[in-house]
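A look at the structure
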Amino acid sequence: MRGKKMKHKIYLQFCLIAALAILVTTTIVTALFYQRFKAQVFSDVRTYAYVLTSVDTYDEATLIQEVHQLDNLRVTIIDKEGKVLLDTNADIGGMENHSNREEIKAAFETGEGQAVRQSKTVAKSTFYYAVRMNDGNVLRVATETGSVLSIVQGMLPIVAVMVIILFVICTFLGRLLTDSLLRPIEQMAKNMDYVNEISVYQEMEPFIDTIRRQHEDILKNASMRQDFTANVSHELKTPLAAISGYSELIENGMVSEKDIARFGGEIHKSADRLLTLINDTIRLSELDATTQDVVLETVDLYQAAENCMDTLEISAQKHDVTLKLEGVPCKIRTEKGMADEVIYNLCDNAIRYNNKGGSVTISVMPVDNQIVLSVKDTGIGISKEHQERIFERFYRVDKSRSKSTGGTGLGLAIVKHIVARNGARMELTSEVGKGTEIKIYFDKAA
Ligand code: ADP
């Protein structure tokens, strides 16, 4: 609806401008033309006036008579007092004093004078040219021509036809122009799915590109969310089914006394698994949801790594892995708790995907203007094809190993999210059978 209105407006404005242009041009051309015409007429009467004054006074009257008949000129002779001595068109007896006429006054004063006056009929103008003769009288030649109005009237049909033709052309061009200007927008509004197939002109391209990208992002996001929901549900089902199954057996008295503790243990493990899964899911949606109002605090990364080592010491012993810490105290600015979360997730992985007797080295070092956190293990490594995918939600190289060590497949997705939020950069180097190193580059705190 709105789009239609705008299109109509552009179109109307185009036509209006065209009409205005035609009008202005015609007026100017007419004015110029009239100006030239006037100059020509004056030049003609002036020539007559001079020719007549140069003639011998004796033959004056007859000659004037002839000129009048020949060219439809009116000739008048006026004396110093303004009295009309001779007039080819009127009876001089009834004529009023002429000394006030503009051209005559000028002729007495300067020798010559000119004027143009409206005739009695509006459609005509009279052009006067007066010259002072040697005897002191003034001779005036006058001719009647069409006035501006009559010239305009004469031109009107041609102008009208021209205006109509131009207007039709402009209308047609206007429609073409507005159509081609607005077509991509209209097409896009109709169906975003075919945005790639719309042909656009150069100026539209950045705009279309942005919309296209946003559209794709929206679609990708929607499908990611859908996948995520399906995955979460699926992941929740397994431990829940186990809990339900074991407890049902106990409820029905089908478990012998000595097995009860083992079944209880299984239920406990599944419940823990559910909790970690739900915690990780909640954490991810928190990270997804809050993008503004981030409150930063200054954190010593080295200190955070030390704390993390304490927390993971027992787990490391269980996996027969030694933890080492290198580096110096380095301050960065991040959101509350996020440094601990990142180090914990990376170290936890480095322990869980390690070999017996292996080691994990955490290092915190300033490099150039940045602080580099590195978590390096001597574990199983990740092959090239998996390296770029392990940061995806629920992506696991070896599902059973991940599950048996309490993994959810969300740890690295959380790390990636945090790194992006804090404007940091992440680097992964890994070789199957040798180990993995993940480095994160933070900006130094001021
Ligand atoms: P999980 O909970 O399964 O550990 P993560 O998101 O933390 O989930 O990691 C995803 C996958 O990446 C893991 O399942 C594992 O296959 C692989 N991975 C992560 N860290 C390491 C590592 N240090 N060494 C080898 N493989 C790793």
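Residues numbered from 1 in each chain as written. Predicted model: local features only at pLDDT ≥ 70, side-chain atom pairs only at ≥ 80, totals over all residues. Heavy atoms only, no water.

In this section: the packing of aromatic side chains. Under the counting rule described, the total for this entry stands at 4 aromatic pairs. With centroids separated by 5.1 Å and ring planes inclined at 70 degrees, the aromatic side chains of Phe42 and Phe127 adopt a geometry described as edge-to-face. Taken together, the positions of Phe42 in helix 1 (residues 2-53) and Phe127 in strand 4 (residues 124-132) put the pair 85 residues apart, joining distant regions of the chain. Taking the centre distance of 5.0 Å and the plane angle of 70 degrees together, the rings of Tyr246 and Phe263 count as edge-to-face. Of the two residues, Tyr246 sits in helix 5 (residues 205-251) while Phe263 sits in helix 6 (residues 257-289), which places them 17 residues apart along the sequence. A relative accessible area of 24% places Tyr246 in the partly exposed class. Residue classification places Phe263 among the buried positions, given a relative accessible area of 10%. Arg393 extends its terminal NZ or CZ atom over the ring of Phe228, reaching a point 5.0 Å from the ring centre. (Phe/Tyr/Trp six-rings, centres within 6.5 Å; stacked < 30°, edge-to-face > 60°. Helix = DSSP H or I, 4+ residues; strand = E, 2+ residues; numbered from the N terminus. Buried < 20%, exposed > 50% of the residue type's maximum accessible area, 1.4 Å probe, protein only. Lys NZ or Arg CZ within 6 Å of the ring centre and 35° of its normal.)

Moving on, we get to helix 11 (residues 411-421). Among the 11 residues in helix 11, 8 count as buried, and that is most of the element. Of the residues making up helix 11, those classed as buried are Gly411, Leu412, Ala413, Ile414, Val415, His417, Ile418 and Val419. Looking at the packing, one finds that the buried side of helix 11 touches helix 6, helix 8 (338-352), strand 11 (425-431) and strand 12 (435-443). Looking one or two places after helix 11, you find Gly423, whose phi comes out positive at around 65 degrees. (Contact = heavy atoms within 4.5 Å.)

With that settled, consider the site of the ligand. In the vicinity of the ligand, 20 residues are found, and the nearest of them are Asn349, Tyr353, Ser402, Thr408 and Leu412. Taking Asn349, its side chain carries an N or O atom lying 2.8 Å from an oxygen atom of the ligand. Asp377 has a polar side-chain atom sitting 2.8 Å from a nitrogen atom of the ligand. The fraction of the free accessible surface of the ligand (530 Å²) that becomes covered by protein chains is 96%. Counting residues per element, the ones that place at least two in the shell around the ligand are helix 8 and helix 11. Considering each element in turn, the shell around the ligand owes the most residues, 3 residues, to helix 8. For the shell around the ligand, the class distribution of residues is 9 nonpolar, 8 polar and 3 charged. (Near = heavy atom within 4 Å. Polar contact = N/O pair within 3.5 Å; in protein donor to acceptor, adjacent residues only side chain to side chain. Areas by Shrake-Rupley, 256 points an atom, 1.4 Å probe, with all protein chains shown as cover. Nonpolar A, V, L, I, M, F, W, Y, C, P; charged D, E, K, R; others polar.)

Quick look at the environment of Val24 now. Assignment of secondary structure puts Val24 in helix 1. For Val24, a relative accessible area of 46% puts it in the partly exposed group. Sequence separation of Val24 and Phe172 is 148 residues, and the distance between their C-alpha atoms is 21 Å.

Let's shift gears to the side chain of Arg273. Position of Arg273 among the secondary structure elements: in helix 6. Ignoring any residue separated from it by four or fewer positions in sequence, one finds Arg273 in contact with Glu235, Arg396, Lys403, Gly406 and Gly407.

Viewed as axis vectors pointing N to C, helix 6 and helix 11 meet at an angle of 25 degrees, and their least axial separation amounts to 10 Å. In terms of axis orientation, helix 6 runs roughly parallel to helix 11. The way helix 6 lies across helix 11 gives a crossing that is left-handed. Contact with helix 6, carried on its side by Asp280, Arg283, Leu284, Leu287 and Asp288, involves Ala413, Ile414, His417, Ile418 and Arg421 of helix 11 and no other residues of that element. Looking at the contact of helix 6 with helix 11 residue by residue, the classes come out as 5 nonpolar, 1 polar and 4 charged. (Axes fitted to C-alpha atoms, helices over the stretch in contact; angles between N-to-C directions. Parallel < 35°, antiparallel > 145°, perpendicular 65-115°, else oblique. Left-handed = near helix turned anticlockwise from the far one by under 90°.)

This next bit is on the sheet that holds strand 12. Sheet architecture is open: 5 strands sit in the order 7-9-10-12-11, paired in mixed fashion. What marks the edges here is a single partner per strand, and that holds for strand 7 (322-327) and strand 11. Neighbouring strand axes in the sheet, compared pairwise and without regard to direction, differ in orientation by 10 degrees on average. Where strand 7 meets strand 9 (residues 359-367), 6 bridges bridge the pair, whose relative direction is parallel. Pairing of Thr322 across the sheet is with Ser359, part of strand 9. Taken strand by strand, helix 8 contacts strand 7, strand 9, strand 10 (370-377) and strand 12, and its axis lies near 25 degrees from that of strand 10. (Pairing = 2+ DSSP bridges.)

A few words on a nonpolar patch on the surface. Together, Val161, Met162, Ile165, Leu166, Ile169, Phe172, Leu173 and Leu176 make up an exposed nonpolar region whose accessible area comes to about 720 Å². Take Ile165: it is sitting in helix 4 (residues 148-190). Judged by its relative accessible area of 47%, Ile165 falls in the partly exposed class. (Patch = residues over 30% accessible without salt bridge, like charges linked within 9 Å, V, L, I, M, F, W, Y side chains within 5 Å. Salt bridge = Lys/Arg side-chain N within 4 Å of Asp/Glu carboxyl O.)

Without other data, these values stay purely geometric and don't point to any function.
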